[in-house]
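# What the coordinates show
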Amino acid sequence: MNVERTVVLQPGKLWTRVIEQTEYALRTGALQSIPTDYEFIEQNGINFLVRTLSNLVRKDAAKQSQSTTTAKDVNPFLPYEEDLFVADISDTHLCLLNKFNVVDHHLLMITRAFEDQENWLNWRDFQAMCVTLAEIDGLAFYNGGKLAGASQKHKHLQLVPLPLSPQGVKLPIENAIAAAQFTGSIGTSPLFPFVHAIAQLDPNWVTPDTAATAMLECYQSLLHAVGINTNDFKSDKQSGAYNLLATRQWMLIVPRLQESFASISVNSLGFAGSLFVRNDEQMQILKSYGPMTILQQVTSS
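An unreviewed UniProt entry lists the protein chain under the name Phosphorylase, with Chroogloeocystis siderophila 5.2 s.c.1 as the source organism.

The following block contains the structure:
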């Protein structure tokens, strides 16, 4: 794929900028971290990390404020909050801190111009993802539409540094990914009782541009594998909701049928083995059903 190189981020500088801007944004109050308690809940051989979000007052107030204006007028990324700005990635994407973060150093890779969150991902999106993953060993993810847990319509990819878990393995689903069985380039894991598809990635791709081309091809193959009709991408608008997760080693796609089950919302991090509940009542509901059962109910089984 012959695409002019447009990366503007200086290599080796992103993590330093993340640390510096986090400290600054905390001082100014622009970054409003949500404190959590957590515990581990095991099901289907996966030790799920479940966090209770102990203070959602500020985030709820912000959403309520947004809801008083028409949807087309609400866009926290145009203009973005300057105190949350981390770095320019390319001529199409930039990096921000997630204002209401639960995980430390949670980053957003947003498009400079408005693009809809329910549009297909494109080469430029994967270029931004690859540049960021090359700088930070993390979990990149995309909530493809409202049913997949997207809370903003402006296209934004996300990344959280690894390890995701406060203790133990880097990611709760590591053993599920390791157990994947492949037919050609597409794999599935016997530990996931829902429709999904996994592809292995090469962490030694020479440049982000090379990686972006390969990851775009993987993405398209995975969409076809889980039965999402792309119609050869003749339209920008996606035909179905899905979650995408990627590390330097693999990519996972899960199609979505609904945003929540039994009042518990699920986004991409749920399929990484990290779930969130708002209170003790939701925690008891989650324990009653089991975290894997929650995931199974929001996707195709």
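### So, the nonpolar core
Judged by nonpolar contacts, the single largest core of 47 residues is most densely connected at Phe126, Met129, Tyr219, Tyr242, Leu244 and Met251. Broken down by element, this core gets its largest block of residues, 8 residues, from helix 5 (residues 208-225). Among the nonpolar cores identified, the runner-up in size contains 41 residues, and Ile34, Leu53, Phe100 and Leu295 belong to it.

### Details of the pairing of strand 3 (residues 85-88)
Both strand 3 and strand 4 (residues 93-97) contribute to a ladder of 3 bridges, which runs antiparallel. For Ala87, the partnering residue across the bridge sits in strand 4 and is Cys95.

### A few points about the layout of surface pockets
Counted as a void, the second largest pocket has a volume near 210 Å³. Along its surface, the second largest pocket is lined by 15 residues, and Cys130, Ala134, Pro203, Trp205 and Ala211 are the ones closest to its centre. Sorting the residues of the lining of the second largest pocket by element identifies helix 3 (123-135) and helix 5 as the ones contributing at least two each. Across the lining of the second largest pocket, the residue classes break down as 10 nonpolar, 3 polar and 2 charged.

### Some points on the packing of helix 3 against helix 5
As a packed pair, helix 3 and helix 5 sit with axes 8 Å apart at the nearest point and diverge in direction by 120 degrees. Here helix 3 is positioned oblique relative to helix 5, judged by the angle of their axes. As for the relative orientation of helix 3 and helix 5, their crossing is right-handed in sense. Each of Trp123, Phe126, Gln127, Met129, Cys130 and Val131 in helix 3 lies in contact with helix 5, whose residues at this interface are Pro208, Asp209, Ala211, Ala212, Thr213, Met215, Leu216 and Tyr219. Partitioning the contact of helix 3 with helix 5 into residue classes produces 11 nonpolar, 2 polar and 1 charged.

Reading the values: rules and limits
Residues numbered from 1 in each chain as written. Predicted model: local features only at pLDDT ≥ 70, side-chain atom pairs only at ≥ 80, totals over all residues. Heavy atoms only, no water. Core = buried A, V, L, I, M, F, W, Y, C linked by side-chain atoms within 4.5 Å. Buried < 20%, exposed > 50% of the residue type's maximum accessible area, 1.4 Å probe, protein only. Helix = DSSP H or I, 4+ residues; strand = E, 2+ residues; numbered from the N terminus. Pairing = 2+ DSSP bridges. 1 Å grid on protein atoms, 1.4 Å probe; cavity = no way out; pocket = protein on both sides within 12 Å on 5 of 7 lines; lining within 4 Å. Points joined across faces, edges and corners; volume = space filled by probe spheres on them. Nonpolar A, V, L, I, M, F, W, Y, C, P; charged D, E, K, R; others polar. Axes fitted to C-alpha atoms, helices over the stretch in contact; angles between N-to-C directions. Parallel < 35°, antiparallel > 145°, perpendicular 65-115°, else oblique. Left-handed = near helix turned anticlockwise from the far one by under 90°. Contact = heavy atoms within 4.5 Å.

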